[in-house]
Amino acid sequence: LMDKYCLTGSHGFIGSHYYKYLQNKKSHVVPYDKKIRGEDLADKNTTKLLPDYDVVIHLAATNGTKLFYEQPTDVLINNTLPTINLIERYRNTNTKFVFASTCEIFNGAVDAGYYHIPTDEQVPVMFNDITNPRWSYSIPKALGENLVANSGLDYLIIRYFNVYGPGQVDHFISEFVERCKRGEYYIKGDDTRSFCYIDDAIEMTHRLVTSTSNKIVHVGNDYEIKISVVAKLIMGIMGINPERLEITTGPAGSAKRRCPDTTLVQMLTGFNNYTSLETGLRSTFTPDIVDR
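Report follows, based on the coordinates. (Residues numbered from 1 in each chain as written. Predicted model: local features only at pLDDT ≥ 70, side-chain atom pairs only at ≥ 80, totals over all residues. Heavy atoms only, no water.)

With respect to the side chain of Lys141
Condition: Helix and strand assignments come from DSSP, with helices taken as H or I runs of at least 4 residues and strands as E runs of at least 2, each series counted from the N terminus. Relative accessible area decides the class of each residue, using a 1.4 Å probe on protein chains only: under 20% of the type maximum gives buried, over 50% gives exposed, and in between gives partly exposed. Charge assignment in this entry is limited to Lys and Arg as positive and Asp and Glu as negative, and neither His nor the chain termini are counted. Salt bridges are defined as contacts in which a side-chain nitrogen from Lys or Arg sits within 4 Å of a carboxyl oxygen from Asp or Glu. Whenever two N or O atoms come within 3.5 Å, that pair is a polar contact, provided that in protein one can donate a hydrogen and the other can accept it, and provided that, for residues adjacent in sequence, both atoms are side-chain atoms. Here a residue-residue contact requires only that any non-hydrogen atoms of the pair lie within 4.5 Å.
Structurally, Lys141 can be placed in helix 7 (residues 135-149). For the buried Lys141, which has no salt bridge, the nearest side chain bearing the opposite charge is Glu145, at an N-O separation of 8.8 Å. From its side chain, Lys141 meets the backbone oxygen of Ala100 in a polar contact 2.8 Å long. Excluding anything up to four places from it in sequence, Lys141 contacts Ala61, Phe99, Ala100, Ser101, Thr102 and Ile105.

In structure tokens form, the structure reads like this:
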């Protein structure tokens, strides 16, 4: 019998790509997103009425680094209540619960040099300054991991590492492209990241959803690269001289380095056909550039 999927955050960045993927597979998937019917999963009355599903894939979240600093209270509440309400609704059922987490929850441990890079799933979760508004996103994710793992449900926790691709807003690549279009060629700080193209992330996600239970898995690409190199690559694609790049100071709490250990995800999914950064970037934005 075909599994019935409930996909929250179906109109967000990762969610919209996964929704399309499931539709293409002719899966039985029901989308939930504030953008569709205004249904708010932070409201218990909404979640109480949800039907039974074989798999709930909970991707809904308020995301975007700018928002963490500008509206930390809203971000924290929006990223906490839906998870609590969904677990309340499904915890005595046979539903499998898939929770989207983030590599942001262990920035503190890695940045302080307490843990190695590439980072595997055993990394300690740590917040070195609990008052930093940046953690308004990741503290609910850490809470969610604990809640989901101890719910008694079959679960899968996926920690995404810097997924990028078409349709993404409020993240480094889309913001830098917009800056370049305005003739502003600067980046804030020159940390390293490991960027994972959306199609790769979705393929790994679905293989995990259909095969793996009661595990935390890092999903990403283990190719670590300096942000300045990515910025210059983008400028090159847009026909702008990369030498014009300026580097300013980065925001407080931003991770200096970030790279997943992909041993576990490759073992569980068999996936290793990663999209190269240049190919991914070329698919992500159209360089509609006037002469520079």
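Quick word on the nonpolar core
Which entries qualify depends on this criterion: Joining through side-chain atoms within 4.5 Å is the link that ties buried Ala, Val, Leu, Ile, Met, Phe, Trp, Tyr and Cys residues into a set, and such a set is a nonpolar core.
If you look at the biggest cluster of nonpolar residues, it comprises 53 residues, and the most contacted ones within it are Tyr18, Ile57, Tyr160, Ile234 and Leu281. Setting aside residues up to four positions removed in sequence, Leu281 forms contacts with Tyr164, Ile173, Val230, Leu233, Ile234 and Ile237. Listed in part, the 16 residues of the second largest apolar core include Cys6, Val30, Tyr32 and Leu86.

Some thoughts on the packing of aromatic side chains
Heads up, the rule is: Note on aromatic pairs: the rings of Phe, Tyr and Trp (six-membered ring only in Trp) are paired at centre separations within 6.5 Å, and the planes decide the class, stacked below 30 degrees, edge-to-face beyond 60, tilted for the rest. Geometrically, a charge over a ring is one whose NZ (Lys) or CZ (Arg) sits within 6 Å of the ring centre while staying within 35 degrees of the ring normal.
With the rule as written, the count across this model stands at 9 aromatic pairs. When the centroid spacing of 4.8 Å and the interplanar angle of 5° are considered together, the rings of Phe68 and Tyr137 count as stacked. In this pair, Phe68 sits in helix 4 (residues 65-70) while Tyr137 sits in helix 7, placing the two residues 69 residues apart along the sequence. Just as Phe68 is buried, Tyr137 falls in that class too. Through a chain of ring-to-ring contacts, the aromatic side chains of Tyr164, Phe172, Phe176, Phe195 and Tyr197 assemble into a single cluster. Sitting above the plane of the Tyr90 ring, Arg89 keeps its charged end 4.4 Å from the centroid.

Focus: the environment of Thr248
Relative to the helices and strands, Thr248 is located in strand 12 (residues 246-248). Sequence separation between Thr248 and Ile187 is 61 residues, and the spatial gap between their C-alpha atoms is 6.1 Å. If near-sequence neighbours (up to four positions away) are discounted, Thr248 is found in contact with Tyr186, Ile187, Lys188 and Gly189.

Observations concerning the sheet that holds strand 3 (residues 55-58)
The condition that has to hold: A pair of strands is treated as paired once DSSP finds two or more bridges between them. Lines are fitted to the C-alpha atoms to define the axes, a helix being fitted only along its stretch in contact, and any angle between axes, read from their N-to-C directions, falls within 0 to 180 degrees.
One open sheet accounts for 6 strands, arranged 2-1-3-4-5-10; its pairing is parallel. Of all the strands in the sheet, the pair left with one neighbour each is strand 2 (28-32) and strand 10 (215-219). Shown here is a sheet whose adjacent strand axes are inclined to one another by a mean of 20°, direction ignored. Inspection of the sheet shows strand 3 paired to strand 4 (residues 96-102) by 4 bridges, in the parallel sense. Among the inter-strand pairings, Val56 is bridged to a residue of strand 4, identified as Phe97.

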